[in-house]
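Spelled out, the chains give:
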Amino acid sequence: MFVKNAWYAAGWSEEIEAAPLPRRILDQPVVLYRGASGTAAALDDCCPHRMAPLSLGTVEGDRLRCGYHGLLFDCAGTCVEVPGQATVPRWAKVRSYPLVERWRLAWIWMGEPDAADPDLIPHCPWLDSPDWAFSHGTVTYGCNYVLLVDNLLDLSHTTFTHKGTIGTESSATNPVTSTRENGTVRIERQMKDAAPSKLYQACGNFEGNVDRWQKIAYEPPGNIVIDAGAVPAGSNDRSRGIDTRIINYLTPETGESVFHFWAFARDFALDDPAMTSFIKEKIEVTFNEDKRVLDRQQEMVTARPQQRLFDKQADTGIVLARRLLDERLKAEAHGADA
Amino acid sequence: MFVKNAWYAAGWSEEIEAAPLPRRILDQPVVLYRGASGTAAALDDCCPHRMAPLSLGTVEGDRLRCGYHGLLFDCAGTCVEVPGQATVPRWAKVRSYPLVERWRLAWIWMGEPDAADPDLIPHCPWLDSPDWAFSHGTVTYGCNYVLLVDNLLDLSHTTFTHKGTIGTESSATNPVTSTRENGTVRIERQMKDAAPSKLYQACGNFEGNVDRWQKIAYEPPGNIVIDAGAVPAGSNDRSRGIDTRIINYLTPETGESVFHFWAFARDFALDDPAMTSFIKEKIEVTFNEDKRVLDRQQEMVTARPQQRLFDKQADTGIVLARRLLDERLKAEAHGADA
Amino acid sequence: MFVKNAWYAAGWSEEIEAAPLPRRILDQPVVLYRGASGTAAALDDCCPHRMAPLSLGTVEGDRLRCGYHGLLFDCAGTCVEVPGQATVPRWAKVRSYPLVERWRLAWIWMGEPDAADPDLIPHCPWLDSPDWAFSHGTVTYGCNYVLLVDNLLDLSHTTFTHKGTIGTESSATNPVTSTRENGTVRIERQMKDAAPSKLYQACGNFEGNVDRWQKIAYEPPGNIVIDAGAVPAGSNDRSRGIDTRIINYLTPETGESVFHFWAFARDFALDDPAMTSFIKEKIEVTFNEDKRVLDRQQEMVTARPQQRLFDKQADTGIVLARRLLDERLKAEAHGADA
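Description of the structure in this document. What you see is a predicted model; the values in this text were computed from it and never measured.

## Some points on the interface of chain C and chain B
In this complex, chain C contributes 28 residues to the contact, which on the side of chain B involves 28 residues. Linking chain C to chain B there are 5 salt bridges. Measuring nitrogen to oxygen at the nearest pair gives 3.6 Å for the salt bridge that ties R50(B) to D150(C). The tally of links from chain C across to chain B stands at 13 residue pairs in polar contact (both at pLDDT 80 or more). Among the elements that line the side of chain C that touches chain B, the one with the most residues is helix α5 (residues 273-303) of chain C, at 7 residues. Residue composition of the side of chain C that touches chain B, grouped by class: 10 nonpolar, 8 polar and 10 charged.

## Considering the interface of chain A and chain B
Facing the 28 residues of chain A at the interface are 28 residues of chain B. With both sides pooled, the region where chain A packs onto chain B buries about 2400 Å², and carbon together with sulfur makes up 57% of that total. At the boundary of chain A and chain B, one finds 5 salt bridges. Among the ionic pairs, R50(A) bridges to D311(B), the shortest N-O distance being 2.9 Å. Linking chain A to chain B there are 12 residue pairs in polar contact (both at pLDDT 80 or more).

## Regarding the environment of D237(B)
By the secondary structure assignment, D237(B) is in the loop between β16 (223-232) and β17 (242-254). Filtering out sequence-adjacent residues up to four positions away, D237(B) remains in contact with V231(B) and P232(B).

## Points about the pairing of strand β14 (residues 184-194) of chain C
Residue and element names in this part refer to chain C. Of the strand pairs in this sheet, strand β13 (residues 177-181) and β14 are connected by 5 bridges, and their pairing is antiparallel. Residue pairing for β14: T177 is matched across the bridge by E188. Pairing geometry for β14 and strand β15 (residues 210-219), over 8 bridges, is antiparallel. Bridge pairing in β15 places V185 opposite Y218.

## Here we look at the pattern of salt bridges
Applying the stated criterion across every chain yields a total of 64 salt bridges over all chains. With a shortest N-O distance of 2.7 Å, R180(A) and E327(A) are connected by a salt bridge. Placement of R180(A) in strand β13 (residues 177-181) and of E327(A) in helix α6 (residues 316-337) is noted, with a sequence separation of 147 residues between them. In this structure, D154(C) engages K312(C) in a salt bridge whose closest nitrogen and oxygen atoms are separated by 2.9 Å. Of this pair, D154(C) sits in the loop between α1 (145-153) and α2 (158-161) while K312(C) sits in the loop between α5 and α6 (316-337); the two residues are 158 residues apart in sequence, bridging distant segments of the chain. By relative accessible area, which is 1% here, D154(C) ends up buried.

## Observations regarding the packing of aromatic side chains
Two aromatic rings are characterised by how far apart their centres lie and by the angle between their planes. All names here are of chain C. On inspection of all chains with the given rule, the structure shows 21 aromatic pairs over all chains. Note on F259 and F261: the rings are 6.1 Å apart at their centroids and 35 degrees apart in plane angle, and the pair reads as tilted. Overall, the relative accessible area of 7% leaves F259 in the buried class. We classify F261 as buried; its relative accessible area is 0%.

## Side note on helix α5 (residues 273-303) of chain B
What sets the pattern is the α-helix's 3.6 residues per turn: residues three or four places apart point alike. Its 31 residues give α5(B) an end-to-end C-alpha distance of 44 Å, which sits within 8% of 45 Å, the value for a rise of 1.5 Å per residue. Put simply, D272(B) is the residue that caps the front of α5(B), since its side-chain oxygen is 3.0 Å from the backbone nitrogen of A274(B).

Parameters and conventions
For every chain, the first residue of the written sequence is number 1, and numbering continues from 1 along that sequence. Here the convention is simple: chains get letters from A, ligands get numbers from 1, in the order in which they are written. Per-residue local features of the predicted model are confined to residues with pLDDT of at least 70, and side-chain atom pairs are confined, for both listing and counting, to 80 or more; whole-chain, interface and lining totals are unaffected and use all residues. Note: side-chain values were computed over all heavy atoms of the structure, leaving out hydrogens and water. Whether two residues touch is decided by their heavy atoms; if any such pair falls within 4.5 Å, the residues are in contact. Criterion for a salt bridge: a side-chain nitrogen of Lys or Arg within 4 Å of a carboxyl oxygen of Asp or Glu. Any pair of N or O atoms that falls within 3.5 Å is considered a polar contact. Within protein, one atom must be able to donate a hydrogen and the other to accept it, and sequence-neighbouring residues count only if both atoms are side-chain atoms. Strands here are runs of E lasting at least two residues and helices are runs of H or I lasting at least four, both read from the DSSP assignment and numbered beginning at the N terminus. Throughout, the ten residues Ala, Val, Leu, Ile, Met, Phe, Trp, Tyr, Cys and Pro are labelled nonpolar, Asp, Glu, Lys and Arg are labelled charged, and all others, Gly among them, are labelled polar. Defined in terms of a 1.4 Å probe, buried area is the accessible area two parts forfeit on being brought together, summed over both. Two strands qualify as a pair provided DSSP detects at least 2 bridges between them. Burial classes follow relative accessibility: with a 1.4 Å probe on protein chains only, a residue under 20% of its type's maximum area counts as buried, one over 50% as exposed, and anything between as partly exposed. Any Phe, Tyr or Trp ring, taking Trp's six-membered ring, that has another such ring centre within 6.5 Å forms a pair; planes under 30 degrees apart are called stacked, those over 60 apart edge-to-face, and the others tilted. Helix span, expected: 1.5 Å multiplied by one less than the number of residues in the helix.

Take it as geometry only, folks, not as evidence of what the structure does.
The structure is reproduced here in structure tokens:
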């Protein structure tokens, strides 16, 4: 089940160019393209004439021409030309999706168009600020997006799954506090006098142990920002520490696959492209370690639909998050009924 | 739904040799082979003993021996030997299909054997005439055969899908006349004073514009011959023009795949193997451009069984053709009931 | 349908090391691993917490730690540690399967644990005897295990499927006698004054024809030992002949795939590794010839569930074997009801 009335990251702005980009979102085929005026648009990737994918077509000005019989559509999905005939018939219309670019991402609204309020787009200033630099990328997992939400909300897994990059003993052993504030679940872990991870060591050049924190904020359906950082143990000195935001926007491709648009923002080495590349490489290793587990986990979940998933104590945040998501799904279903 | 009582091209004669050739036709496994006497035969590709594919066997004389336990079948499907026993049991029989070779193709009849009249084989003299030379090949598409019929009957798509080979502006903008004569749908387009396509330019060495024609004849279920050619604009001089036949025999492999046995016959450069190769290469590029669209179109059609396909004005021929095909299917279903 | 209350070969002992080995058996995911003490264990390959495959984890001592959130299980499937919390909840338990190593194989019992009597493990002294040497391997077929039982019980197929290795004319033409003794079906073929197969020729250096024998013993669900050998024709002299055992343990992976753990034991060239390699190579060629047929046979069986498989005269052993297997399946189903 997908939340439909929400802004989803459809792609990085840099991905959307004149060449039409097909992308399946909430199990619907979407074509993204950028017109000559610079505006990005999203249409149903299916010509109403014969159901050819519009993504095989070409952009002309701000319009998209089907590559099969040449029907021409504007960015609102209205057909403006059917080659070989003088008039455009009524059926020649394709669904368009609201698309807004902000924070270097293109946000799509797959639900009721009237509800597509741009003020609801997740707040992500770290990707568009002179005080932060960031690495970023996209990973596609072969699992339902909720399994990836679970993954990102319980960082105790980093100890076991990511020994070579971001894992340390302390993530598994230190407890979390989980709270719900209106539409957000917050999960926090403090790790005092703990060994830094290999990644932190490389980023912060710490000489000994550190005081670390992980503050996760989850908003349904799949927006997770992690405020994480470290200072030398006992120092309480931010100027000698590192501050990061791990930003995660999850967009279901299908019921069993999900796009993970991620960014890792930092408050240090702002003008250092080597640091940007280094972090990108390490995070990609890390998320592919997750993918290795999650894709197989989905296979098990699919094969055994009756088997319960259990919760351990550190899963309190996940429990709150699932409840919040369920409420959102139910509210949307109720609204659809009303 | 397939028309069963019809001759389908099972393969090019040159494809059928002593080594058994498995080919799925109308979603049935068929094995084709050529016996020592030169006669080609078609059997159900399934040994009645243990259901091993006969295509893994070997030809002995005019017979086919199963590669598993060695049962030997003649070209009528009668078992003539069960190794290790003196008698052949009654169950040892495999269905054979009428197979006739004509016009360099092997034609198979998948329906009622009694109805398999060779006079019903499509007429295709251009592949067996000293006045014509031809290029030929086979393309397998991942779509229902009807989508490929649609494609070949509406050549306005060439303008958009085949810009680099056979497409020109005029195919999309000039109207067609569509008529039905008994069991045939005819679709005709005249293009006066039009630019030649890149392929025509290379074939005909035209200095300026041409008068072109496309005369399509469709016979259900999937036989399409296109009479196409050009002369210098206004000249009405066939001796300075080119005449071609694009011959298309469509044989469903499954409900979502189809073999396209095609030939491109010409009345020029008859003894020029380089021209034969050149045209083959260009046509293969062209049909693979179609395949790129049609395979994806089928995915959409499969994913959205409820979505209607609409017709534009140039689709009148397709509408007539679908009606003719439906009548044929209904007649066959009715005959099966009677 | 699988017989559950039986010992199945789960793998060669040499395959099971500290790195967890995932293997699907009777359509269940199993993880095999060897603890520090040397004992091999088999657990359900699914962590009860979040259904991650335990085979992505790591062995610590005799225990297996999940690679996702670090739950630690002993070889009986009991969780002994949940990282981050003091107590282990009741749900933290995973099914373990009885696993016994004997004859260089690890035997697993997928049914009622109480019925897992090690005395029921198939007797296979040839793999653990100074009087015999053996080649061995594993082939995975894309077919139901019963089709492979059929294959191994009717060696008349060797004449047609394995011309280059073990096939000769005589296997197809000489009759078999088939008998049932309690829980075993025995199928015997004597071939007097017959040409040796290419493999036999290479093994036995025979100058002329041989007297050969094939004595097959089948025990459900999938244990087949073939006593096969040859002496110079008319000599009755075992000292100038060769004696072999072809040992076959069939373990269903799924309903449409099966592991074939095979060994070829010999009473000659005991200390000759080149002979071991030579035979291994030839047997692998042979079984892959079978695989080529059986995988396609399964496709046909799946596509045509209504089509009967027929029996020829040499299939009397197969008929007895299927009846024995059916009785075993019914008895187990009846026991489950009782």
